[in-house]
Amino acid sequence: MRFDVISLFPEMFKAAEHGVTGKALQGKQASLHLWNPRDYTKDNHRTVDDRPYGGGPGMVMKVDPLKAVLQQARQAAPDSRVIYLTPQGQRFDQKAAREMAKRSGIMLLAGRYEGIDERLIDCCVDEEWSIGDYVLSGGELAAMVIMDAVTRLLPGVLGHAESAEQDSYMNGLLDFPQYTRPDDLDGRSVPEVLLSGDHAAIERWRLQQALGRTWLRRPDLLEQRELSAEEQRLLEEFIRTHQGASASS
Ligand code: 6GU
């Protein structure tokens, strides 16, 4: 997977050298190519921003350096669609990550200031994506979020043990709780079933916990997901136990 990133702050992407993305970049499952619009300015001050027509606070990214950098980047990655990171974009989620992971590459355009000239979006941007309903100071962190979510889905990036199929959201549910040693933590024990060695019972318990937590914390996710008869039974049992527990406390 080829990532091309257009950003005024390419140094921020050193963060991608760590962890799973770092391993993929070293292991050649992914490559990262950074493009700085400032390198495509022609004036002595290397100006990358300009005042908005109509007035108001803030600045807008200048068109010419962006057009020039995009032209070069597109020549280097002709098959990659240009993705502009903006709170006005479509909401990025696990389904979008899975779709992007099938592509040969993506070009991520990170805006700064109040954004980029709308005509540049019209002519040169293929897709607009947002990572959530809050405002970031620039698209760089959003670009890295997308790179991380996509990279971990690429074949050979995660080992079998950490396989992405087991992740929260891959099955439309939140994760079940995890425990490790010691089995007694200041008087708090580990759920007994996890120490039982009964793998079928452990699987059932984990599925029930995942269903129950999703019901408690993200009922919107449950509404989007069909439940099997077994899942329905496990969730009903969870709800009964939960209601019993909260009534007695
Ligand atoms: Cl993609 N960009 C910015 N600046 N803020 C955001 C965002 C993107 N997604 C959520 N907030």
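Residues numbered from 1 in each chain as written. Predicted model: local features only at pLDDT ≥ 70, side-chain atom pairs only at ≥ 80, totals over all residues. Heavy atoms only, no water.

Here we take up the overall build of the chain. When helices and strands are counted, the chain shows eight helices and nine strands. At 23 Å, the chain has a C-alpha radius of gyration far larger than the 18 Å of a compact globule built from 249 residues. Its C-alpha atoms give the chain principal-axis dimensions of roughly 70 × 45 × 40 Å. Taken over 249 residues, the chain has a buried fraction of 41%. Within the chain, residue pairs in contact and separated by at least 24 positions form 75% of the contacts whose partners lie at least 6 positions apart. A total of about 15,100 Å² of accessible surface is found on the chain, and carbon and sulfur atoms cover 49% of it. Put simply, the chain has 30 plus and 38 minus side-chain charges, and the middle of one group is 3 Å from the middle of the other. (Helix = DSSP H or I, 4+ residues; strand = E, 2+ residues; numbered from the N terminus. Rg over C-alpha atoms; globule rule 2.2 N^0.38 Å. Buried < 20%, exposed > 50% of the residue type's maximum accessible area, 1.4 Å probe, protein only. Contact = heavy atoms within 4.5 Å. Areas by Shrake-Rupley, 256 points an atom, 1.4 Å probe, with all protein chains shown as cover. Lys, Arg positive; Asp, Glu negative; His and termini not counted. Charge placed at Lys NZ, Arg CZ, Asp CG, Glu CD.)

Take the packing of aromatic side chains next. Tallied over the entire structure, the rule returns two aromatic pairs. Between Phe92 and Trp129 the ring centres are 6.3 Å apart and the planes differ by 85°, which places this aromatic pair in the edge-to-face class. A residue pair is termed long-range when its members are at least 10 positions apart, and Phe92 in the loop between strand E5 (81–91) and helix H3 (94–100) and Trp129 in strand E7 (residues 127–130) qualify at 37 residues. Assessed through its relative accessible area of 11%, Phe92 is described here as buried. Residue class for Trp129 comes out buried when judged on its relative accessible area of 8%. (Phe/Tyr/Trp six-rings, centres within 6.5 Å; stacked < 30°, edge-to-face > 60°.)

Another aspect to go through is the site of the ligand. Taken together, the residues surrounding the ligand are Leu85, Thr86, Pro87, Trp129, Ser130, Ile131, Gly132, Tyr134, Leu136, Gly138 and Ala142. One of the side-chain nitrogen or oxygen atoms of Ser130 is found 3.3 Å away from a nitrogen atom of the ligand. Ile131 places a polar main-chain atom, nitrogen or oxygen, 3.0 Å from a nitrogen atom of the ligand. Compared with its free state, where it exposes 290 Å², the ligand has 95% of that area covered by protein. Breaking the shell around the ligand down by element, the ones donating at least two residues are E5 and E7. When its residues are assigned to classes, the shell around the ligand shows seven nonpolar, four polar and no charged. (Near = heavy atom within 4 Å. Polar contact = N/O pair within 3.5 Å; in protein donor to acceptor, adjacent residues only side chain to side chain. Nonpolar A, V, L, I, M, F, W, Y, C, P; charged D, E, K, R; others polar.)

Opposite charge on two side chains makes pairing possible when the charged atoms of those side chains draw close. Here the structure, examined in full by the defined rule, presents 13 salt bridges. Residue Glu99 is joined to Arg103 by a salt bridge in which the shortest nitrogen-to-oxygen separation is 2.8 Å. A salt bridge links Asp220 to Arg218, with the nearest nitrogen and oxygen atoms 2.8 Å apart. Relative accessible area serves as the criterion here: at 34%, Asp220 is assigned to the partly exposed category. (Salt bridge = Lys/Arg side-chain N within 4 Å of Asp/Glu carboxyl O.)

Under the counting rule described, the total for this entry stands at one disulfide. The disulfide that involves Cys123 links it to Cys124, with 2.3 Å between the sulfurs. Its torsion about the S-S bond being -85°, the disulfide of Cys123 and Cys124 is classed as left-handed. (Disulfide = S-S within 2.5 Å.)

On to the nonpolar core. When a protein is soluble and globular, its nonpolar side chains tend to lie buried together. Counting residues in hydrophobic clusters, the biggest one holds 30 residues, and the most contacted among them are Phe92, Leu108, Ile146 and Val150. Put simply, the parts of the chain that give this core at least two residues each are strand E1 (2–6), E5, H3, strand E6 (105–110) and helix H5 (140–151). Of the residues forming this core, the biggest block, seven residues, is contributed by H5. Contacts of Ile146, omitting those with residues within four sequence positions, involve Leu85, Phe92, Met100, Ile106, Leu108, Trp129 and Ile131. Listed in part, the 19 residues of the second largest apolar core include Ile6, Val69, Leu109 and Val125. (Core = buried A, V, L, I, M, F, W, Y, C linked by side-chain atoms within 4.5 Å.)

How big an interface is tends to be stated in terms of the accessible area lost upon association of its parts. Domains assigned within the chain are domain 1 (2–151) and domain 2 (168–248). The C-alpha-based centres of domain 1 and domain 2 are spaced at 39 Å. (Domains from an automatic or database assignment.)

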